[in-house]
Amino acid sequence: MSVPAGVDPAAAFAARFGRPPEGVWAAPGRVNLIGEHTDYNDGYVLPVALPHSTVAAVARTAEPELVLASVQYPDQPVRVALDALAPGAPDGWAAYPAGVVHQLRREGHRLSGLQVLVDGQVPVGAGLSSSAALTCSVALALRDLFALPLRRAELVDVARAAENDFAGAPTGVLDHSASLLCTVGHALLLDTRDRSTTQVPLDLAAAGLALLVLDTGAPHQLATGGGPDSYARRRQECGEAAAALGVPSLREVSDPAAVQALPEPLRRRARHVVTENARVLAVLEVLRSGTDPRAVGPLLTAGHRSLREDFAVSTPALDVCVDAAVRAGAHGARMVGGGFGGSALALVDDRHVPAVRAAVAEASRAAGHRAPTAFVVVPSAGARRVE
Ligand code: GLA
C-alpha cells in the first residue's frame, strides 16, 4: 500500500492518540551490494542502507498494554496486554513491533505500556528488508526511551529474534545489521562469523556511477514455507553441505574444488556460498584499491549467475532485468536479497540510467512481466532518532 507523500509521523501519532509522541525514530531498509545467502553460513556481506526508512513515533503509557497503529494499515490497529504477547498474538504487520517488545521483556528488560505509530516507506516484499526497518526502528526507540543498556550490535539480535521467533520469518543477521549499523556514504562490511564490521567508503557518484534498484513487484512469496524452493530449504541444504564436508559452516571452505565431492544439489549450493564469499572480498579489493569502481560490475553479474544456476533462487522476471540491464550498458547487475522474487540491482553510469531503465522496462513487458519500479540508491544513514 502506498503512503501519501508528506505524512508527518508525529502529527499522525497525535491524530491517532490525542497527544504528541515522546520521540520519532527511523530505520532504513537495505540493499546488499554483494554477499547473498552468506550470512547464515558465517560468511561476508556488504550492504548499504537505503534512503527509504520506516519511521516509528512512540510514547510510553501507564496502562500495561501495547497499542500499535500503522499509516499503511489504518484499518488494522492492534491493542494487546503486555502479558498476553506471544508468537501469533498479534500476527500480520503488528507481529514485528510486538516481537521487539516481547523479546526485550524476555531478556528481562522492564517496559511500560506503549503507543506506537509506524509509517513504512520501504517497499514491502521487494527484498529490501522492510521488516527489518520496522523491527529496528522500534528497537532503537525502546532502547532510547527506556535507557536500556544495549549496544546497536545487541539491538541487531533483539530485532532479529523478533522477526525469527515472534513473526516466524527465518532470516539471517544481514538485514538488521544493515539497518542498525550502516552509515551514510558507506557500505558495511560485516563478517557474520565474528560479527566484526568495517565501514567501507562508497562514493559511486564521484565516479559518475549510480546504483539502480529494479523492483519487479513480484513479492518473494515462495521464500516462505519449507518447500524445495524456499529460503528455509536453502539454509537446510547449506547446513547439510557443511556437515558432509566436516566443517562447522561453509565459511570454513575457501577452495571451490573442495565441494566437488558433494552430491547434488548440495554441491551447487555450497559452490555458490564459497564463490560468493570470494566475490565479496574481490569487490572490497576494488573499492579499497582506489581503482575504477566499474570493475565491481562483472563481479555482480557473476554473483547473479551463481544465484541463478547454483543457488536456484532467481526468477525469470529477475533474470530479464539483469540481462536487459547489462545489455543496455550496465557494468553489472544481480538479484538481491533472499530471491524468489523481489528486486535486482544494477551498477550503471549516471548518464545511462534512463536508457537502462527504459531497456529493462521494455524487456520485462516483452517477456510478459510488469515493468519494474526503478530508483537510484545512495548509501544512506542507519537507524537514528529523528525527533
Ligand atoms: C534474506 C534474509 C537475509 C539473507 C538474505 C540473503 O534477506 O533475511 O538474512 O539471508 O535473504 O542474502
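A brief structural summary. Once a new chain begins, its residue numbering starts again from 1 and follows that chain's sequence as written. At least 70 in pLDDT is required for a residue's local features to be given in this predicted model, at least 80 for side-chain atom pairs to be given and counted, and no such filter applies to totals for whole chains, interfaces and linings, which use all residues. Heavy atoms from the whole structure form the basis of all side-chain values; hydrogens and water molecules are not counted.

Here's the deal with the overall build of the protein chain
In step 1: Per the convention used, a helix needs a DSSP run of H or I reaching at least four residues, while a strand needs a run of E reaching at least two, with both numbered from the N terminus. What the protein chain contains, in helices and strands, is ten helices and 13 strands.
In step 2: The size measure is the radius of gyration over C-alpha atoms, and the globule rule it meets is 2.2 Å times the number of residues to the 0.38 power. Relative to its length of 387 residues, the protein chain is compact, with a C-alpha radius of gyration of 21 Å against a globular reference of 21 Å.
In step 3: A principal-axis box enclosing the C-alpha atoms of the protein chain has dimensions of 60 × 50 × 40 Å.
In step 4: Using a 1.4 Å probe on the protein chains alone, a residue whose accessible area is under 20% of its type maximum counts as buried, one over 50% counts as exposed, and one in between counts as partly exposed. Across the 387 residues that make up the protein chain, the buried fraction comes to 57%.
In step 5: A sequence separation of at least 24 residues applies to 71% of the contacts in the protein chain between residues at least 6 apart. We call two residues in contact whenever any of their non-hydrogen atoms come within 4.5 Å of each other.

What about the site of the ligand?
In step 1: Surveying the vicinity of the ligand reveals the residues Arg-30, Glu-36, His-37, Asp-39, Tyr-40, Thr-171, Gly-172, Leu-174, Asp-175, Tyr-231, Gly-337 and Gly-338.
In step 2: For the purposes of these results, a polar contact is taken to be a pair of N or O atoms within 3.5 Å, where, inside protein, one atom must be able to donate a hydrogen and its partner to accept one; residues adjacent in sequence count only when each atom of the pair is a side-chain atom. Measuring from an oxygen atom of the ligand, one finds a backbone N or O atom of Gly-172 at 2.7 Å.
In step 3: Within the side chain of Tyr-231, a nitrogen or oxygen atom sits 2.6 Å from an oxygen atom of the ligand.
In step 4: In the complex, the protein chains occlude 93% of the 300 Å² of accessible area that the ligand would expose alone.
In step 5: Here the shell around the ligand is composed, by residue class, of three nonpolar, five polar and four charged. Only heavy atoms are used to decide nearness, and a residue is near a molecule or strand if one of them lies within 4 Å of it. Residue burial considers only the protein chains on display, and all accessible areas are found by Shrake-Rupley using a 1.4 Å probe. Asp, Glu, Lys and Arg are counted as charged, while Ala, Val, Leu, Ile, Met, Phe, Trp, Tyr, Cys and Pro are counted as nonpolar; the rest, among them Gly, fall into the polar class.

Examining the nonpolar core
In step 1: Side-chain atoms within 4.5 Å link the members of a nonpolar core, which is a set of buried Ala, Val, Leu, Ile, Met, Phe, Trp, Tyr and Cys residues. Counting 51 residues, the largest nonpolar core has Val-58, Leu-66 and Leu-142 as the members making the most contacts within it.
In step 2: The dominant element in this core, judged by the number of residues it contributes, is helix α3 (residues 130-145), at eight residues.
In step 3: What Leu-66 contacts, discounting residues up to four positions off in sequence, is Val-78, Arg-79, Val-80, Leu-82, Leu-85, Ala-98, Val-101, Leu-114 and Val-116.
In step 4: Residues Leu-262, Leu-266, Leu-318 and Val-348 belong to the second largest nonpolar core, which totals 37 residues.

What about the packing of helix α4 (residues 152-166) against helix α5 (residues 174-181)?
In step 1: All axes here are fitted lines through C-alpha atoms, helices being fitted over the stretch that makes contact, and every angle between N-to-C directions spans 0 to 180 degrees. The contact between α4 and α5 brings their axes to 9 Å, and the two run at 140 degrees. Here α4 is positioned oblique relative to α5, judged by the angle of their axes. Considering only the axes of α4 and α5, their crossing is right-handed. Residue-level inspection shows Arg-152, Ala-153, Leu-155, Val-156, Ala-159, Arg-160 and Glu-163 of α4 in contact with α5, the latter providing His-176, Ser-177, Leu-180 and Leu-181.
In step 2: Class assignment for the residues of the contact of α4 with α5 results in six nonpolar, two polar and three charged. In what follows, roughly perpendicular refers to angles from 65 to 115 degrees, roughly parallel to angles under 35, roughly antiparallel to angles over 145, and oblique to any angle outside these ranges. Two helices that cross are described as forming a left-handed crossing if the nearer one is turned anticlockwise from the farther one by less than a right angle, and a right-handed crossing if clockwise.

Digging into the packing of aromatic side chains
In step 1: Only Phe, Tyr and Trp rings take part, Trp by its six-membered ring, and two of them pair if their centres are within 6.5 Å. Stacked means planes under 30 degrees apart, edge-to-face means over 60, and tilted covers everything else. Going through the model one piece at a time under the given rule, you end up with three aromatic pairs.
In step 2: Seen from their ring centres, Tyr-40 and Tyr-231 are 5.5 Å apart, and the 75 degrees between their planes marks the pair as edge-to-face. Of the two residues, Tyr-40 sits in the loop between β1 (23-32) and β2 (44-45) while Tyr-231 sits in helix α6 (residues 231-245), which places them 191 residues apart along the sequence. Accessibility classification places Tyr-40 together with Tyr-231 in one group, the buried group.
In step 3: Here Arg-60 stacks its cationic end above the ring of Phe-146, 5.8 Å away from the centre of that ring.
In step 4: Two thresholds decide whether a charge sits over a ring: the Lys NZ or Arg CZ must be within 6 Å of the ring centre and within 35 degrees of the ring normal. Here the guanidinium or amino end of Arg-251 rests over the ring plane of Tyr-44, the centre of that ring lying 4.2 Å away.

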